[in-house]
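Here is how the chains run, residue by residue.
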Amino acid sequence: MIEVERLTKRYGGAIAVNDITFTVNDGEIYGLLGPNGSGKSTTLKIIAGIIKPTSGRVIVEGIDVLKDPMAVKRISGYVPETPVLYESLTPTEFFSFVGSVRGIEEDVLEDRVRRLVEAFGIEKYMNQLIGTLSFGTRQKISLISALLHDPKVLILDEAMNGLDPKSARVFRELLMEFKAESKSIIFSTHVLALAELVCDRIGLIHNGKLIAEGTVEELKELAKEESLEDVFLKLTEAKDEVAILVNVLKEAL
Ligand SMILES: Nc1ncnc2c1ncn2[C@@H]1O[C@H](COP(=O)(O)OP(=O)(O)OP(=O)(O)O)[C@@H](O)[C@H]1O
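As the structure is a prediction and not an experimental result, all values here were calculated from the model. (Residues numbered from 1 in each chain as written. Predicted model: local features only at pLDDT ≥ 70, side-chain atom pairs only at ≥ 80, totals over all residues. Heavy atoms only, no water.)

A. Representation of the site of the ligand in the model. Around the ligand, 13 residues are found, and the nearest of them are Gly37, Lys40, Ser41, Thr42 and Glu81. One of the backbone nitrogen or oxygen atoms of serine 38 is found 3.1 Å away from an oxygen atom of the ligand. Serine 41 has a polar side-chain atom sitting 2.8 Å from an oxygen atom of the ligand. No other element matches helix 1 (residues 40–47), which puts three residues into the shell around the ligand. In terms of residue class, the shell around the ligand is built from three nonpolar, seven polar and three charged. (Near = heavy atom within 4 Å. Polar contact = N/O pair within 3.5 Å; in protein donor to acceptor, adjacent residues only side chain to side chain. Helix = DSSP H or I, 4+ residues; strand = E, 2+ residues; numbered from the N terminus. Nonpolar A, V, L, I, M, F, W, Y, C, P; charged D, E, K, R; others polar.)

Right under this line is the structure:
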């Protein structure tokens, strides 16, 4: 379970996250949606114990992230927006390194690596330097490395970026499996169709504020809109702007 209470993050005079409160229950997939710069990555980084909030609290599986970020890191898997990998290692070496840092038994690690590598179809890259691999392949390596210690909590920042349709499907199936295992999953995405498919609940962030929360159906009801895209555009006040921009473009062409 992830409990976020009155979370605020300021960068100098600017406010990135503004008094946000929400909960992700066991066995729940929670989608964080919002326009560029709305505060999604900042929120996820705070939950993962990567950066500290200005105020507020985050409790992950009963552990206060501010008081014991290492304990939270042990039970969670975090996939950053941009993969952070060792360019001069091969995936084989990198997974072995992650396994030793995480204290995963050798045969358990071997089995998990084999299954995940097969699932994402990257067997042929296992002995190539990470620095030479494509963006999508690096994203798969980042995902796999976050799953190797079988975390109870998953924090995924646009983790589907760059995945081909087959891997995106594998990833979706994995999410459903994790949900069935009672893991708590929070992820940010701009792919509304994905959010609609997998999220139990969605939190919509705009200018650092959580402006709406609920199931897709509840959000449609709240905004009196038929699609999640229209809900998104209406609640983030972009719907009229899009219409104006389209007209300006039409006139210019
Ligand atoms: N290290 C930083 N220093 C200063 N400002 C920052 C820093 N990190 C983020 N911000 C600002 O905080 C705000 C929220 O950024 P954040 O990356 O959380 O947004 P986001 O919703 O994840 O955006 P995107 O969808 O584009 O990834 C933005 O205005 C951003 O410029």
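After presenting the structure, the write-up continues.
B. Structural detail: a negative patch on the surface. There is a patch of like negative charges on the surface, built from Glu105, Glu106, Asp107 and Glu110. Structurally, glutamate 105 is set in the loop between helix 3 (91–102) and helix 4 (106–119). (Patch = residues over 30% accessible without salt bridge, like charges linked within 9 Å, V, L, I, M, F, W, Y side chains within 5 Å. Areas by Shrake-Rupley, 256 points an atom, 1.4 Å probe, with all protein chains shown as cover. Salt bridge = Lys/Arg side-chain N within 4 Å of Asp/Glu carboxyl O. Lys, Arg positive; Asp, Glu negative; His and termini not counted. Charge placed at Lys NZ, Arg CZ, Asp CG, Glu CD.)

C. Fine view of empty space enclosed by the protein. Applying the stated criterion across every chain, the model contains one cavity of 30 Å³ or more. Here the largest cavity defines a volume of roughly 30 Å³. Lining the largest cavity are Leu156, Glu158, Ala159, Met160, Phe171, Phe187, Ser188, Thr189 and Leu194. When its residues are assigned to classes, the lining of the largest cavity shows six nonpolar, two polar and one charged. (1 Å grid on protein atoms, 1.4 Å probe; cavity = no way out; pocket = protein on both sides within 12 Å on 5 of 7 lines; lining within 4 Å. Points joined across faces, edges and corners; volume = space filled by probe spheres on them.)

D. Region of interest: the sheet that holds strand 6 (residues 76–79). The six strands are arranged 6-7-8-3-9-10 in an open sheet whose pairing can be described as mixed. Either end of the sheet is taken by a strand with one partner, and the two such strands are strand 6 and strand 10 (209–214). Across the sheet, the mean angle separating the axes of adjacent strands is 15° when strand polarity is ignored. Of the pairings in the sheet, the one linking strand 3 (residues 29–33) to strand 8 (residues 184–188) comprises four bridges and is parallel in character. Within strand 8, the position partnered with isoleucine 29 by the bridge is isoleucine 185. Across the sheet, helix 1 lies against strand 3, strand 6, strand 7 (153–157), strand 8 and strand 9 (201–206), angled at about 150° from strand 7, the strand it touches most. (Pairing = 2+ DSSP bridges. Axes fitted to C-alpha atoms, helices over the stretch in contact; angles between N-to-C directions. Contact = heavy atoms within 4.5 Å.)

E. Highlighting the packing of helix 3 against helix 5 (residues 135–147). Interhelical geometry of helix 3 versus helix 5 gives an angle of 25° and a closest axis separation of 10 Å. One finds that helix 3 runs roughly parallel with respect to helix 5. Our pair here, helix 3 against helix 5, has a crossing hand that is right-handed. Facing helix 3, whose interface residues are Pro91, Phe94, Phe95 and Val98, helix 5 presents Ile141, Ile144 and Ser145. The residue inventory of the contact of helix 3 with helix 5, partitioned by class, reads six nonpolar, one polar and no charged. (Parallel < 35°, antiparallel > 145°, perpendicular 65-115°, else oblique. Left-handed = near helix turned anticlockwise from the far one by under 90°.)

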